[in-house]
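# Tertiary structure, described
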Amino acid sequence: MNKSVLIIDDDKEIVDLLDVYLRNEGYDIHKAYDGEEALTKLAGERIDVMVLDVMMPKLNGLEVCKQVRKTSNIPILMLSAKAEDMDKIIGLMTGADDYMIKPFNPLELVVRVKALLRRASFQSSAPQVNSADCIRIHSLEISKKNHTVKVENEFIKLTSIEFDILYLLASHPGRVYSSDEIFELVWKENGAGLSKTVMVHISNLREKLEEATNGEKLIQTVWGVGYKIEK
């Protein structure tokens, strides 16, 4: 079965352009032109990844992202005409997995969509494993193959990027990773100048972990150096 992409943008030319490029890669395409229509499509169709514009009528992309994240970890690639750092940070804080600035190269967007789908596919198709295949650190049980995190048999819902950051730090307790290192190891891209992106994902991850562990401060900041998890 082909993977399905929902493209949401109030600019019909952009939607049609992405339709051509993504359909050419074998994806099934669904389209929406405002936030409310996007949520309706998501509720009624099988969608594997969303390409979501920020500025839209009726319901903007940030609000759509917040609504989706209440019930789903579907990968979200956010688009915006604004290049300021704060817009990017807000987009990531609402739960987006990736972010691109308009105007963008459609071929790069296709690559980004493929990367998000690979992560999601790995997470959903991972085989069951026994406890020997898990990392246990503090109150967490982290399964790389299952792509799950549990605290006392309760699952913590993480995005694929949040999971990869947590697994990286938990796999090497005591080791301090800089923001650039984390970006390069998790995103598989050069991390120069992208420390704010890492900071936002770690902030979201910390919030989820602390909520699940009654306030445990698992991820520590080493000021001026990076982040770590102690044994």
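Residues numbered from 1 in each chain as written. Predicted model: local features only at pLDDT ≥ 70, side-chain atom pairs only at ≥ 80, totals over all residues. Heavy atoms only, no water.

Going by what an unreviewed UniProt entry lists, the protein chain is known as DNA-binding response regulator and is assigned to Brevibacillus fluminis. Recorded under Subcellular location (unreviewed entry), the UniProt text for the protein chain is reproduced unchanged: "Cytoplasm". (UniProt positions renumbered as here; feature names shortened; annotations may be inferred.)

### Some words on the sheet that holds strand β8 (residues 148-151)
On the basis of which strands lie adjacent, the open sheet formed by four strands has the order β6-β7-β8-β9 and antiparallel pairing. Both edges of this open sheet fall to β6 (134-137) and β9 (154-155), since each of them pairs with a single strand only. Here strand β7 (residues 140-143) runs beside β8; their pairing, made up of four bridges, is antiparallel. Paired with L140 across the strands is V151, a residue of β8. The strands touched by helix α6 (residues 160-171) are β6, β7 and β8; relative to β7, the strand with the most contacts, the crossing angle is about 110°. (Pairing = 2+ DSSP bridges. Helix = DSSP H or I, 4+ residues; strand = E, 2+ residues; numbered from the N terminus. Contact = heavy atoms within 4.5 Å. Axes fitted to C-alpha atoms, helices over the stretch in contact; angles between N-to-C directions.)

### Observations regarding the packing of aromatic side chains
Considering all chains together, one arrives at two aromatic pairs under this definition. With a centroid separation of 4.5 Å and 5° between ring planes, the pair formed by F183 and W187 is classed as stacked. Here the residue F183 and the residue W187 both occupy positions in helix α7 (residues 179-187), the gap between them amounting to four residues, near one helical turn. Across the pair, exposure class does not vary: F183 and W187 are buried alike. (Phe/Tyr/Trp six-rings, centres within 6.5 Å; stacked < 30°, edge-to-face > 60°. Buried < 20%, exposed > 50% of the residue type's maximum accessible area, 1.4 Å probe, protein only.)

### Quick word on the packing of α6 against α7
Taken N-terminus to C-terminus, the directions of α6 and α7 make an angle of 120°; their axes are 10 Å apart at the nearest point. One element, α6, and the other, α7, form an angle in the oblique class. Between α6 and α7 the crossing geometry is right-handed. Counted together, I161, D164, I165 and L168 of α6 and I182, L185, V186 and W187 of α7 form the full contact between these two elements. A per-class count over the contact of α6 with α7 returns seven nonpolar, no polar and one charged. (Parallel < 35°, antiparallel > 145°, perpendicular 65-115°, else oblique. Left-handed = near helix turned anticlockwise from the far one by under 90°. Nonpolar A, V, L, I, M, F, W, Y, C, P; charged D, E, K, R; others polar.)

### Structural notes on the environment of L92
Its place among the elements puts L92 in helix α4 (residues 85-93). Each C-alpha atom of the pair L92 and I76 lies 9.7 Å from the other, and the pair is 16 residues apart in sequence. The contact partners of L92, leaving out residues within four places of it in the chain, are D97, T197, V200, H201 and N204.

### Examining the sheet that holds strand β5 (residues 98-101)
Reading across the sheet, the five strands line up as β2-β1-β3-β4-β5 and stay open at both edges, with parallel pairing between neighbours. A single partner strand is all that each edge strand has here, and the edge strands are β2 (28-32) and β5. Ignoring which end each strand starts from, the neighbouring axes of this sheet average 20° apart. Across four bridges, strand β3 (residues 49-53) lies against strand β4 (residues 76-80) in parallel orientation. Paired with D53 across the bridge in β4 is L79.

### What about the confidence of the model for the protein chain?
For the protein chain, per-residue confidence averages 85 on the pLDDT scale, and 89% of positions sit at 70 or higher. Here residues 125-132 is a poorly scored stretch, pLDDT under 50, and it has nine contacts once near neighbours within four places are set aside; other chains count. (pLDDT = per-residue confidence, 0-100.)

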